[in-house]
Amino acid sequence: MKILKDKVAKLSFVALLITITAAMFYAPTASAHGEKSQAAFMRMRTIHWFDLNWSKEEVVVNDTMTISGKFFVFSGWPETVDKPDISFLNIGIPGPVFIRAGSWIGGQLVPRSVQLELGETYEFKVLLKARRPGDWHVHTMMNVKGGGPIIGPGKWVTVTGSMSSFTNPITTLTGQTIDLETYNLGNTYFWHAAWYGIGLLWLAYWVRKPLFVPRFLAIEAGKADSLITGTDKKVAMGFGVGVIAIVAMSMASTNESYPITTPLQAGLLRGIKSIEMPVPTVAVKIEDATYRVPGRAMQMTMTITNNGDSAIRLGEFNTAGVRFMDAAVAQDETGYPDDLLAEEGLTVSDNSPIAPGQSRTIQVTASDAAWEVYRLADLIYDPDSRFAGLLFFYDQSGNRQMVTIDAPLIPSFI
Ligand SMILES: [Cu+2]
């Protein structure tokens, strides 16, 4: 009976080990990012990305591409999300399929976190170098401490070539040129294998002995002391001393080989330059906004007042990276991702030019499957159903003005 219990215990232990190991090595390829599952209010009321440009749709391994554009840090930032006091400009991709060779906000290199101000618009650029061939969805992204990664629009980019030719050469501060892709990789493999081996030896020593149930019974019977023999103590001490000796010796030899090391740099960059946006001469008041669930359309009644000196028309409504456009006024010429572009998604009851000094109340409908596909309509189930976005107005000579809107959204199920 005792032997049987022991066998079962050992087998269970081995099975557990196999399960854990399998879980570590099994990592299926993710085909999407879950960008659609990020709460709609997070995408609509935090960072508004616009004027985006992905410089290439196809890149060869080792070649570079840039993603550039602007983002507006929404003034009506939700109370439930920490303010972007510590933010990091990032790119949302499935793992290191590109490396980020550099990123800039307002022309300043930002390898660190930055402090962003609500209500400001910033210009940014990220330089990427292709590493792994495949079709990848490349998103803009802002990591906000206390707010999580806030994902921006994504576009499919194809990387061609072969990953084995990828190099990432850099010159260290001591003048040595190394390839970060393969630098000291042998060392990494060696230490992983070495510690794994030592761990297995340690396990093997103890697994030979009676395991859980017999040990439990021995302890219950008050014979706990008999479970650890003199040899056990010696072996354990040997392992302890050995491990400390290996760490001390390898640390000494590392210090000797690399006398100069600097820690990874961290810290916060303040005073990042934002774009001086002209004060809009268009005033927009949202009278009401409803979302019609069956029609996948949002309808807004808004009063637009033109305080400027040239006539203007509404050309675009942009929210969560989805662009609803009135093709008669504005078209996209940047190759914006199709699924996020509703070229004729904006219907305006009267979109004739609004003359200077004039005020007009209009019905604006933004309709596209993107409301459902991108799950923005989930907003209506929030306890604070508000939407927000950017409106772009154009005058006859093509000048653009940006106005932000922020209002409650009432759903309609009929
Ligand atoms: Cu994606």
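Placed above this text is the structure.
Counting restarts for each chain, with residues numbered from 1 along the sequence as it is written. At least 70 in pLDDT is required for a residue's local features to be given in this predicted model, at least 80 for side-chain atom pairs to be given and counted, and no such filter applies to totals for whole chains, interfaces and linings, which use all residues.

Take the overall build of the protein next. Each helix and strand in the protein was counted, giving six helices and 23 strands. With the radius of gyration taken over C-alpha atoms, the globule rule is written as 2.2 Å times the number of residues to the power 0.38. Its C-alpha atoms give the protein a radius of gyration of 30 Å, clearly above 22 Å, the size a compact globule of 414 residues would have. Judged by the C-alpha coordinates and their principal axes, the protein covers about 95 × 60 × 40 Å. To sort residues by burial, count the other C-beta atoms lying within 10 Å of each one's C-beta; a count of 20 or more means buried, 12 or fewer means exposed, and anything in between means partly exposed. C-beta atoms are built from the backbone. Split into buried and exposed, the 414 residues of the protein put 25% on the buried side. Secondary structure elements follow DSSP: runs of H or I of four or more residues count as helices, runs of E of two or more count as strands, with numbering from the N terminus.

If you look at the biggest cluster of nonpolar residues, it comprises 72 residues, and the most contacted ones within it are Met44, Val322, Leu376 and Leu379. Looking at this core element by element, the count peaks at six residues for strand β21 (residues 386–395). Three or more residues apiece are contributed to this core by two domains, here domain 1 (39–173) and domain 3 (282–412). Residues in contact with Val322, not counting those within four places in the same chain, are Leu340, Ala342, Asp368, Ala370, Tyr374 and Leu376. The nonpolar core is taken to be a set of buried Ala, Val, Leu, Ile, Met, Phe, Trp, Tyr and Cys residues joined by way of C-beta atoms within 7 Å. Start and end points for every domain follow an automatic or database-based domain assignment. Working definition of a contact: two residues with C-beta atoms, positioned from the backbone, lying within 7 Å.

For two strands to be treated as a pair, DSSP must find at least two bridges joining them. Pairing is antiparallel in the open sheet, where five strands are placed in the order β1-β3-β8-β5-β6. One side of each edge strand has no neighbouring strand; the edge strands of this open sheet are β1 (47–54) and β6 (108–109). Here six bridges tie β1 to strand β3 (residues 64–73), and the two strands are oriented antiparallel to one another. Among the inter-strand pairings, Trp54 is bridged to a residue of β3, identified as Ile67.

Now for the pairing of strand β15 (residues 297–306). Residues Met298, Met300, Met302, Ile304 and Asn306 point to one face of β15 and are all buried, whereas Ala297, Gln299, Thr301, Thr303 and Thr305, pointing to the other face, are not buried. Where strand β14 (residues 282–292) lies against β15, 10 bridges are found, and the strand directions are antiparallel. Of the residues in β15, the one forming a bridge with Lys285 is Thr303. Hairpin connection, β14 to β15: the antiparallel pair is bridged by four residues, and Arg296 has positive phi, about 50°.

Okay, the pairing of strand β10 (residues 148–160) next. Each regular strand carries side chains that alternate between the two faces of the sheet. By the bridge criterion, three bridges tie strand β2 (residues 58–60) to β10 in an arrangement that is parallel. Bridged to Val59 within β10 is Val159. Bridging between strand β9 (residues 134–144) and β10 involves 10 bridges; their strand directions are antiparallel. Paired with Val144 across the bridge in β10 is Gly148. Between β9 and β10, which follow one another and run antiparallel, lie three residues, and Gly146 among them has a positive phi close to 85°.

Taking strand neighbours across the sheet as the criterion, the five strands line up as β18-β17-β16-β21-β22 in an open arrangement whose pairing is mixed. At either end of the open sheet lies a strand with only one pairing partner, and these are β18 (341–342) and β22 (400–408). Of the pairings in the sheet, the one linking strand β16 (residues 312–319) to strand β17 (residues 322–325) comprises four bridges and is antiparallel in character. By the bridge assignment, Thr319 is partnered in β17 with Val322.

Moving on, we get to unusual backbone geometry. The backbone of Asp51 sits at a positive phi, close to 55°, despite the residue not being glycine. Position of Asp51 among the secondary structure elements: in strand β1. Residue class for Asp51 comes out partly exposed when judged on the 15 C-beta atoms lying within 10 Å of it. At Arg375, a residue that is not glycine, the phi angle is positive and equals roughly 55°. Assignment of secondary structure puts Arg375 in the loop between α6 (370–373) and β21. The exposure class of Arg375 is partly exposed, given the 17 C-beta atoms found within 10 Å.

It is worth spelling out the environment of Gly197 at this point. Along the chain, Gly197 turns up in helix α3 (residues 185–207). Remark: the alpha-carbon pair of Gly197 and Lys234, spanning 37 residues in sequence, is separated by 19 Å.

Looking now at the environment of Ser367. Along the chain, Ser367 falls in strand β20 (residues 359–367). Put simply, Ser367 and Arg292 are 75 residues apart on the chain and 9.5 Å apart in space, counted from C-alpha to C-alpha. Those residues within four positions of Ser367 in sequence are excluded, and the remaining contacts are Gly295, Arg296, Ala297 and Gly345.

Between its terminal C-alpha atoms α3 stretches 32 Å, which fits the 33 Å expected from 23 residues at 1.5 Å a residue. Burial analysis of α3 places just zero of its 23 residues in the buried class, which makes it a mostly uncovered element. In a helix, the anticipated span is given by 1.5 Å times the number of residues less one.

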